[in-house]
Protein chains: 4
Amino acid sequence: MANTYRKGRPVDLEGRAARRKEIMAAARGCFLRKGFHAASTAEISERASISVAGLYQYFPTKADLVLALVEEDLEMDLEWVGVLAKAESLQIGLTRLALEYANDVGCGDAVRLRLEITAEASRDPKIATVFTDVETRLVTAVSHLLADRQAKGEIDLALDPEVTARTVLAFLDGLFGWIAVGGASQENEAFVRAALELMWRGLKPAAS
Amino acid sequence: MANTYRKGRPVDLEGRAARRKEIMAAARGCFLRKGFHAASTAEISERASISVAGLYQYFPTKADLVLALVEEDLEMDLEWVGVLAKAESLQIGLTRLALEYANDVGCGDAVRLRLEITAEASRDPKIATVFTDVETRLVTAVSHLLADRQAKGEIDLALDPEVTARTVLAFLDGLFGWIAVGGASQENEAFVRAALELMWRGLKPAAS
Amino acid sequence: MANTYRKGRPVDLEGRAARRKEIMAAARGCFLRKGFHAASTAEISERASISVAGLYQYFPTKADLVLALVEEDLEMDLEWVGVLAKAESLQIGLTRLALEYANDVGCGDAVRLRLEITAEASRDPKIATVFTDVETRLVTAVSHLLADRQAKGEIDLALDPEVTARTVLAFLDGLFGWIAVGGASQENEAFVRAALELMWRGLKPAAS
Amino acid sequence: MANTYRKGRPVDLEGRAARRKEIMAAARGCFLRKGFHAASTAEISERASISVAGLYQYFPTKADLVLALVEEDLEMDLEWVGVLAKAESLQIGLTRLALEYANDVGCGDAVRLRLEITAEASRDPKIATVFTDVETRLVTAVSHLLADRQAKGEIDLALDPEVTARTVLAFLDGLFGWIAVGGASQENEAFVRAALELMWRGLKPAAS
DNA sequence: GATGAATGAGGCTTCATTCAT
DNA sequence: CATGAATGAAGCCTCATTCAT
């Protein structure tokens, strides 16, 4: 009945997806330790327990692997916005998220990879496209979030949502960047609190 | 007075230093367009109008060339602090500096190179050392600057100078980073003004 | 009469043979455009609408595929001899055949493939064997043809049939080779006519 | 005085040219035994007693090496024409040249390489260009040669020099091709004599 | 019988670096 | 000091082939 029958060995979609993830995880590790250019396909495939030729059945090019990783990484930012939207207040939610981030070792990795991504985006046009695309969506999402919080009286109504969204995002980028490069120390928590506090003084409605 | 006499042909110290600078300038251009790893010594030496072997008489290793560039680049940050110290007010000086920066094309390059440096610092220990060293000095300098301005009533006395210094530096890093990768557009000026304004709301003394 | 009964699912001999031909046709196209070594099994199997693994069920090795193609190609030469044998006169038949050949685009392909075959025959012993074998048969066939025509007074009786057969074959090889690599132009017809005319002057009985 | 002075180690023009020749000789051997595609740069450089990287200082690409060889090889054909022009009669000169060729082992190699070149010319546009270019020059040269010999009464005046030039060249290509692939046997001499004799019957003035 | 998945071996090319001139 | 020449190691990618499904 079904005409989707195809002769021969059926495609193992699950297996392929899993292997793909494995490769991407391995690649993330390598890129993290060496950067996109210094990490070799041999290294990546070894860490992924696959042959080099096998790797090329999942990603037609090293550049494509990088690109997939970049996309995946950038998409994660959008998830934060969703999390923040559900928080009782933006300040509380943001602080919680930032602290969680500052203390998790894996998150430091994510930030360091982001650094490499940003650097590469300023050279490779394809990566730049993906980068700019996600960035635009991110700004929009945060704009809406801020507008929402303005309506709730958490943020000064005089601030333009979009410009402020960019400002906040830039600020967070800088903040996490400093934490990631300095290495996660115990002082990070104090630093994060102070920095967010300062930002918040700029965001909240002018004292009536 | 001291006997500086030396046998043989005198070394042309000036010439050497000049050539060194030329090489570093050429290297900066290459690293900017390709990154530290993707830029080759052949490429660099060609841009510097020198043979590849000649390059090795000024820098024993490609890594050393990178390091020299990193140091030079980071030192420039310290100069800003000096400039800011002489401004009539920190807010005015900072705004002027930031706008100047946002509009200059060459400065976008500097920021993009900084991105590469930061990314590399998170991997190479030697670069990390230089990086952290300059960072520390920078924090100290900005701390003093802030303390100075606190004394003049420009900044809230409740803020701890050192932590605030880090916060401000992180914020500026994020700000310039966003400008650099987005490409210098005309909207940059509005963005910079808004962002600094927001930061300033957080820094200035609480309305009495 | 003989008991041809066989257990299990009967083999679809026709289907197999057809598929084999398809693969060979696809391979011919690829080898033509890239040569034996540069054409990949992936490319061939794609053109043949079969999986790479599937290809290996028809030909145990790429070399075997090449060999099969070589055999098929060389056998075609023998067919010409048959055609020529039926012509009213050798000169007329040969001219007709040559012109037909020179004007057909597909025949240019055949000649170009023959070039590759000859080149490969000078290296690979297996191909050389097939090549020499067919060549020998060809020479024999043409020898008989020539002897036959000698008897009819079309060709000088002083010429040794075998040596002359080789000469004629070599001449035709050269002729078609020049046409094939030069690309089929309208001048080809004049060239073919002139060349055959010259050859014929050498073959026909000395003016009595 | 001379302003051609250049600092540093002077270029060893002789040495470079010699090395270049060595590499080309090695490449010729490899290409002969395996063909352009099957012969590897590793193999070639080993036979040339140079590192693989070193090879790339003389030829920027394997394709360039092939091209250089093709050019060199094709140019040799033009030299024959010069030799033939000085012969007492075209028939004598050609026979001498052909026999010399048929008996020399190295010449068989040259013909086999020519086969590969012709095959490759039908695919690679660059090689095709060189090929066609030399071919054109060759036809012109032989045309002049034939016209010259026509004036001396050696060749039938009714024959068009250019078309005949192509015919003769095609014939010789075919002839040498058959000799080269069959391997140099003792019967070659008889074959060559008979073939040339046949051709000559077609060329010489009609018996008065 | 036919397909998807996997892989060792190898191909071309480039790189950072050295050494003689 | 500066250049030409050379090279081992490595990088990305492809190939012919096998094997489980």
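Every value quoted in this text rests on a predicted model; they were computed, and no experiment measured them.

**Student:** Would you take a moment to explain the relation of the copies chain B and chain A for this structure?
**Tutor:** Superposition of the two copies of the chain requires a rotation about an axis and a shift along the axis. Between the two copies, chain B and chain A, the superposition gives an RMSD of 0.2 Å; the rotation angle is 180° and the shift along the axis is 0.0 Å. This pairing of chains is accounted for by a two-fold axis. Within chain B, G174(B) has its C-alpha nearest the rotation axis, a separation of 2.0 Å. Here 98% of the interface residues in chain B have copies in chain A that are interface residues too; the copies meet face to matching face.

**Student:** Honestly, the protein's contact with DNA strand F in this entry has me stumped. Any pointers?
**Tutor:** Every one of the 38 residues lining DNA strand F counts as a neighbour, but Y56(A), K62(A), K62(C), R9(D) and Y58(D) are closest to it. Take the atoms of DNA strand F that sit within 4 Å of the protein: sugar and phosphate atoms are 59% of them. Interatomic distance of 2.8 Å between a backbone N/O atom of T41(A) and a phosphate oxygen of DNA strand F. With respect to DNA strand F, the backbone of S51(D) contributes an N or O atom lying 3.0 Å from a phosphate oxygen. Listing elements by their share of the surface near DNA strand F, those giving two or more residues are α3 (52–55) of chain A, α3 (52–55) of chain B, α3 (52–55) of chain C together with α1 (13–34) and α3 (52–55) of chain D.

**Student:** Looking at this structure, I do not really get the packing of helix α4 (residues 62–86) of chain D against helix α6 (residues 105–121) of chain D. What am I missing?
**Tutor:** All names here are of chain D. Where α4 meets α6, the axes come as close as 11 Å, and the angle between the chain directions of the two elements is 120°. Between α4 and α6, the crossing angle belongs to the class labelled oblique. The two elements α4 and α6 cross, and the hand of that crossing is left-handed. The segment α4 lies against α6, with V70, D73, L74 and D77 engaging A110, L113, R114 and I117. Across the contact of α4 with α6, the residue classes break down as 5 nonpolar, no polar and 3 charged.

**Student:** For this particular structure, what's the right way to read the interface of chain D and chain C?
**Tutor:** Note: interface size is frequently given as the accessible area lost on complex formation between the parts. With 40 residues of chain D in contact, the opposing surface of chain C contributes 41 residues. Both sides of the chain D and chain C interface together cover about 3500 Å² of buried area, and 69% of this is carbon and sulfur. Applying the counting rule to chain D against chain C returns 4 salt bridges. Between chain D and chain C we count 8 residue pairs in polar contact (both at pLDDT 80 or more) in total. Of all the secondary structure elements, the ones that give two or more residues to the side of chain D that touches chain C are α1, α6, α7 (125–151), α8 (161–182) and α9 (187–203) of chain D. For the side of chain D that touches chain C, the leading source of residues is α8(D), giving 12 residues.

**Student:** Which parts of the structure should I look at to understand the relation of the copies chain D and chain C?
**Tutor:** Rotating chain D by 180° and translating it 0.0 Å along the rotation axis places it on chain C, where the RMSD comes to 0.2 Å. When the interface residues of chain D are mapped onto chain C, 100% of them are again interface residues, pointing to one common binding face.

**Student:** What's the story with the side chain of D77(D) in this structure? I'm lost.
**Tutor:** Residues and elements named next belong to chain D. Within the secondary structure, D77 is located in helix α4. For D77, a relative accessible area of 7% gives the class buried. Here D77 is in contact with R114 and L138, once residues within four sequence places are set aside.

**Student:** Help me understand the protein's contact with DNA strand E in this model?
**Tutor:** Taken together, 38 residues sit near DNA strand E, with R9(A), Y58(A), K62(B), Y56(D) and K62(D) positioned nearest. Taking the atoms of DNA strand E that fall within 4 Å of the protein, sugar and phosphate contribute 59% of them. The contact in question runs from a phosphate oxygen of DNA strand E to an N or O atom on the side chain of Y56(B), over 2.7 Å. At a separation of 2.7 Å, a phosphate oxygen of DNA strand E approaches a polar side-chain atom of K62(D). If you list the elements that add at least two residues to the surface near DNA strand E, you get α1 (13–34) and α3 of chain A, α3 of chain B, α3 of chain C together with α3 of chain D. For the surface near DNA strand E, the per-class residue count stands at 15 nonpolar, 13 polar and 10 charged.

**Student:** Explanation requested: helix α4 (residues 62–85) of chain B in the structure shown.
**Tutor:** Structural remark: α-helix, 3.6 residues per turn; residues separated by three or four positions point the same way. The end-to-end C-alpha separation of α4(B) is 36 Å, in line with the 34 Å expected for 24 residues at 1.5 Å each. Considering only its buried residues, α4(B) is in contact with α1 (13–34), α2 (41–47), α3, α5 (90–103), α6 (105–121) and α7 (125–151) of chain B.

**Student:** Can you help me understand the domain arrangement of chain A in this one?
**Tutor:** Residues and elements named next belong to chain A. For chain A, the domain assignment lists domain 1 (8–60) and domain 2 (62–208). Domain 1 and domain 2 are separated by 29 Å when their C-alpha centres are compared. Listed as interface residues are 18 residues of domain 1 and, on the opposing side, 15 residues of domain 2. For the pair domain 1 and domain 2, the two sides together bury roughly 1600 Å², of which 70% comes from carbon and sulfur. If you sort the residues of domain 1 by the area they bury against domain 2, R28, L32 and F36 come out on top, with a joint share of 45%. At the junction of domain 1 with domain 2, the criterion picks out 3 salt bridges. A salt bridge links E72 to K21, with the shortest nitrogen-to-oxygen separation between them at 3.3 Å. Inspection of the domain 1/domain 2 interface yields 6 residue pairs in polar contact (both at pLDDT 80 or more). In terms of residues, the side of domain 1 that touches domain 2 owes the most to one element, α1, which gives 8 residues. Of the residues that constitute the side of domain 1 that touches domain 2, the class distribution is 12 nonpolar, 3 polar and 3 charged.

Criteria and cut-off values
Residues numbered from 1 in each chain as written. Chains lettered and ligands numbered in written order. Predicted model: local features only at pLDDT ≥ 70, side-chain atom pairs only at ≥ 80, totals over all residues. Heavy atoms only, no water. Least-squares fit on C-alpha atoms with pLDDT ≥ 70 in both. Contact = heavy atoms within 4.5 Å. Near = heavy atom within 4 Å. Polar contact = N/O pair within 3.5 Å; in protein donor to acceptor, adjacent residues only side chain to side chain. Helix = DSSP H or I, 4+ residues; strand = E, 2+ residues; numbered from the N terminus. Axes fitted to C-alpha atoms, helices over the stretch in contact; angles between N-to-C directions. Parallel < 35°, antiparallel > 145°, perpendicular 65-115°, else oblique. Left-handed = near helix turned anticlockwise from the far one by under 90°. Nonpolar A, V, L, I, M, F, W, Y, C, P; charged D, E, K, R; others polar. Buried area = accessible area lost by both parts, 1.4 Å probe. Salt bridge = Lys/Arg side-chain N within 4 Å of Asp/Glu carboxyl O. Buried < 20%, exposed > 50% of the residue type's maximum accessible area, 1.4 Å probe, protein only. Expected span 1.5 Å × (residues − 1). Domains from an automatic or database assignment.

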